[in-house]
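Residue strings, one per chain:
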Amino acid sequence: MELTRRRLVSIRRYVPMDSIRDYAELWIALHAAATSKGAHAWHFASADQPNVYVEFLEFGGDSDIRSDTETLAAIKALHERFGEPYPTPLTLEEWVELPPPPAITPA
């Protein structure tokens, strides 16, 4: 696949209820670091499972945001605060943008 295709990293994270404030502060730092370098960053709370969150970092294929020192430090801080090494197996996934479908020529 081409390196210039957009990339999406998703991270599932369990956050105990009594740690939500810590999580929010660390997420704000990650969001600020990533978006200052042109990436997009979102996070969502599970509608079905209490205390489960999913985070998304989306960036161009030619500029992996995780190579930015500040962004990587923010990702690692979230992992370390919630007791898991970085990268955490089975909770971090990376996705690559698919090419657009070929144009369909009307018959």
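Keep in mind it's a predicted model, so treat the numbers as computed, not measured.

Draft legend 1. Quick peek at the overall build of the chain. Scanning the chain from terminus to terminus reveals two helices and four strands. The order of α-helices and β-strands along the chain, N terminus first, is β-α-β-β-α-β. Summing over all exposed atoms, the chain offers an accessible surface of approximately 7000 Å²; the carbon and sulfur share of this is 60%.

Draft legend 2. Seen up close, the pattern of salt bridges. In this structure the tally under the stated criterion is seven salt bridges. A salt bridge links arginine 7 to glutamate 94; its shortest N-O distance comes to 2.7 Å. Of this pair, arginine 7 sits in strand β1 (residues 7-14) while glutamate 94 sits in strand β4 (residues 92-96), placing them 87 residues apart in sequence. For arginine 7, a relative accessible area of 19% translates into the label buried. Given a relative accessible area of 34%, glutamate 94 falls into the partly exposed group. Connected through shared salt-bridge partners, Arg7, Asp64, Arg66 and Glu94 make up one network.

Draft legend 3. Structural view of the pairing of strand β3 (residues 52-59). Along β3, six of the eight residues are buried, which leaves the element largely enclosed by surrounding structure. Inspection of the sheet shows β1 paired to β3 by eight bridges, in the antiparallel sense. The partner of serine 10 across the bridge, within β3, is phenylalanine 56. Pairing of strand β2 (residues 40-45) with β3, which is carried by six bridges, proceeds in the antiparallel orientation. Paired with alanine 41 across the two strands is leucine 57, which belongs to β3. Linking β2 to β3, which pair antiparallel, is a turn of six residues; within it asparagine 51 sits at a positive phi near 70°.

The rules we used
- Residues numbered from 1 in each chain as written.
- Predicted model: local features only at pLDDT ≥ 70, side-chain atom pairs only at ≥ 80, totals over all residues.
- Heavy atoms only, no water.
- Helix = DSSP H or I, 4+ residues; strand = E, 2+ residues; numbered from the N terminus.
- Areas by Shrake-Rupley, 256 points an atom, 1.4 Å probe, with all protein chains shown as cover.
- Salt bridge = Lys/Arg side-chain N within 4 Å of Asp/Glu carboxyl O.
- Buried < 20%, exposed > 50% of the residue type's maximum accessible area, 1.4 Å probe, protein only.
- Pairing = 2+ DSSP bridges.

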